[in-house]
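Secondary and tertiary structure notes
Listed here are the chains, written in short residue letters.
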Amino acid sequence: MRIVYHLGAHCTDEDRLVRCLLKNRAILADQGIMVPSPTRYRKLMRDTAVQLRGQDASEETQAMILEQIMDGDHAERLILSWDSFLSFPAWAVRGSLYVFAGERIRAFTRIFPGIEAEFHMAIRNPATFLPALQSKVNAKGSDDILRKMDPLYLRWSDAVQQILAQNPGVSLTIWCDEETPLIWPEVLQAVSGHAPDTVLADADELLSMIMSDIGMARMKAYCSAHPPQSVAQRRRVVSAFLEKFARQDRIEMEIDLPGWTDDTVAAMTSRYMEDVERIRRLPGVRVIES
């Protein structure tokens, strides 16, 4: 068995991926892919990792936890999704992004030290990620997490390299949240590992959130009459319909943080693109691109 850890990050997925896979768990189960409800493992794994203090879990502990998580005795892939595998939101920015990401994830993998793991994670332009994260933290009543921090020097590649260093040999798949509407089927397939010809229900949920109902209906009708013959062709179709039918209020984010100007946002965006290229060159990282 292989355990697949979908790591978030915060303010990217918002559980859409696991919700989609849960809706398709019957067809996925036929392929040896198990998608348990997050309520069965998030608190359980958090508490277990704390108790282990970085040590390997005993065989008895592993068996007990798997029994609580899994419906059956065996699966080829077990999908676990939680954006707080990396950190709780209030601790996501401490001088850098997810400064303890590698150590924290390794603590979770010590629960199943003998089972092969793989990691999947979306990243997001800090110019929009940080305001969204601050909003999420504010909703919990926590303090300002962005004070005494220079946003121009936050790099996702630092967290990615930590994950790789603390978890040697584990494959890591990355994608940019901004591109998710175009690559969503490939993201779902990468995480679940389902057969390429598998048709998943509600796989268009993400697009329906940012495209008008008329646009979605026309795109589905077009694809029904002219089925895309490749991933690249499907992406061109989606891009064309988004260009015409996108809900601007859903894809445009007003950035209003003290001291931030248009030049700040532009500089952060430029550095983010440079950072994506840096991540793309890291050994052991697969980047899903549009």
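Structure: above.
As the structure is a prediction and not an experimental result, all values here were calculated from the model.

Inspection of the entire model under this criterion finds three cavities of 30 Å³ or more. There is about 70 Å³ of room inside the largest cavity. Taken together, P126, P151, L152, L154, R155, W156, M268, R271, Y272 and D275 form the lining of the largest cavity. If one sorts the elements of the lining of the largest cavity by residue count, helix α13 (residues 262–280) sits on top with four residues. Each pocket or cavity is described by its volume, and for the second largest cavity that value is around 50 Å³. Forming the boundary of the second largest cavity are H6, T12, D13, R16, L17, A122, W175, D177, T180 and W184. For the lining of the second largest cavity, the secondary structure elements donating two or more residues are α1 (16–23) and α8 (180–192). Broken down by class, the residue content of the lining of the second largest cavity amounts to four nonpolar, three polar and three charged.

A separate point is the sheet that holds strand β3 (residues 77–81). Think of a sheet as strands paired side by side through backbone hydrogen bonds, with each pair either parallel or antiparallel. If you trace the six strands from one edge of the open sheet to the other, you get β2-β3-β1-β4-β5-β6, paired in parallel fashion. A strand with exactly one partner marks an edge of an open sheet, and here the two such strands are β2 (33–34) and β6 (285–288). Strand direction decides the pairing type here: strand β1 (residues 2–6) and strand β4 (residues 116–123), joined by five bridges, are parallel. Its bridge partner lying in β4, H6 is registered against H120.

Moving on: unusual backbone geometry. Here G8 and A9 are connected by a cis peptide whose omega angle stands at 0 degrees. Topologically, A9 is positioned in the loop between β1 and α1. Even without glycine at this site, C11 takes up a positive phi of about 60 degrees. Among the structural elements, C11 can be located in the loop between β1 and α1. Phi angles above zero are rare outside glycine, and Y98 is one such case at about 50 degrees. Following the sequence through the fold, Y98 ends up in the loop between β3 and α5 (101–109).

Moving on, we get to the packing of α5 against helix α7 (residues 156–166). The contact between α5 and α7 brings their axes to 7 Å, and the two run at 40 degrees. Between α5 and α7, the angle falls in the class oblique. Here α5 runs over α7; the crossing is right-handed. Here A101, G102, E103, I105 and R106 of α5 come into contact with α7, specifically with Q162, I163 and Q166. Of the residues in the contact of α5 with α7, the class split is three nonpolar, three polar and two charged.

Next up on the list: the pairing of strand β5 (residues 171–176). Counting buried positions over the six residues of β5 gives five, a clear majority of the element. Relative to β5, β4 is paired through six bridges, and the arrangement is parallel. Counted as the bridge partner of I123 is C176 from β5. With four bridges joining them, β5 and β6 adopt parallel strand pairing. Residue pairing across strands places L172 opposite V285, the latter belonging to β6.

Moving on, we come to the side chain of T180. As for its placement among the helices and strands, T180 is situated in helix α8. Residue classification places T180 among the buried positions, given a relative accessible area of 5%. Setting aside chain neighbours within four positions, we find T180 in contact with W175 and L206.

Moving on, we get to the packing of helix α6 (residues 126–139) against α13. In contact at an axis separation of 8 Å, α6 and α13 are set at 110 degrees when each is read in the N-to-C sense. Here α13 runs roughly perpendicular to α6, going by the angle between their axes. Between α6, through P126, A127 and L130, and α13, the contact on the second element is made entirely by V265, M268, T269 and Y272. The class makeup of the residues in the contact of α6 with α13 is six nonpolar, one polar and no charged.

Definitions and limits used
The residue count restarts for each chain, going from 1 along the sequence in the order it is written. Since the coordinates come from a predicted model, pLDDT governs what is reported: local features require at least 70, and pairs of side-chain atoms require 80 or more to be given and counted, while whole-chain, interface and lining totals use all residues. Hydrogens and water molecules were not included; the side-chain quantities draw on all heavy atoms of the structure. Here a cavity denotes a set of grid points, spaced 1 Å apart and computed over the protein atoms alone, in which a 1.4 Å probe fits but from which it cannot get out, and a pocket denotes an open set meeting protein on both sides within 12 Å along at least five of seven lines; residues with an atom within 4 Å of a point are reported as lining. Grid points are joined across faces, edges and corners, and a volume is the space filled by probe spheres set on the points. In this description a helix means any DSSP run of H or I spanning at least four residues, a strand means any run of E spanning at least two, and both kinds are numbered starting from the N terminus. Residue polarity is assigned by list, with Asp, Glu, Lys and Arg as charged and Ala, Val, Leu, Ile, Met, Phe, Trp, Tyr, Cys and Pro as nonpolar; anything else, Gly included, falls into the polar class. We call two strands paired when DSSP finds no fewer than two bridges between them. Only the contacting stretch of a helix is used when fitting its axis, a line to C-alpha atoms as for every element, and angles between N-to-C directions run 0 to 180 degrees. Roughly parallel means an angle under 35 degrees; roughly antiparallel, over 145; roughly perpendicular, 65 to 115; everything else is oblique. Put simply, a crossing is left-handed when the front helix is turned counterclockwise from the back one by less than a right angle, and right-handed when it is turned clockwise. By definition, residues are in contact when any of their heavy atoms lie within 4.5 Å. When accessible area is computed with a 1.4 Å probe and restricted to protein chains, residues below 20% of their type maximum are described as buried, those above 50% as exposed, and intermediate ones as partly exposed.

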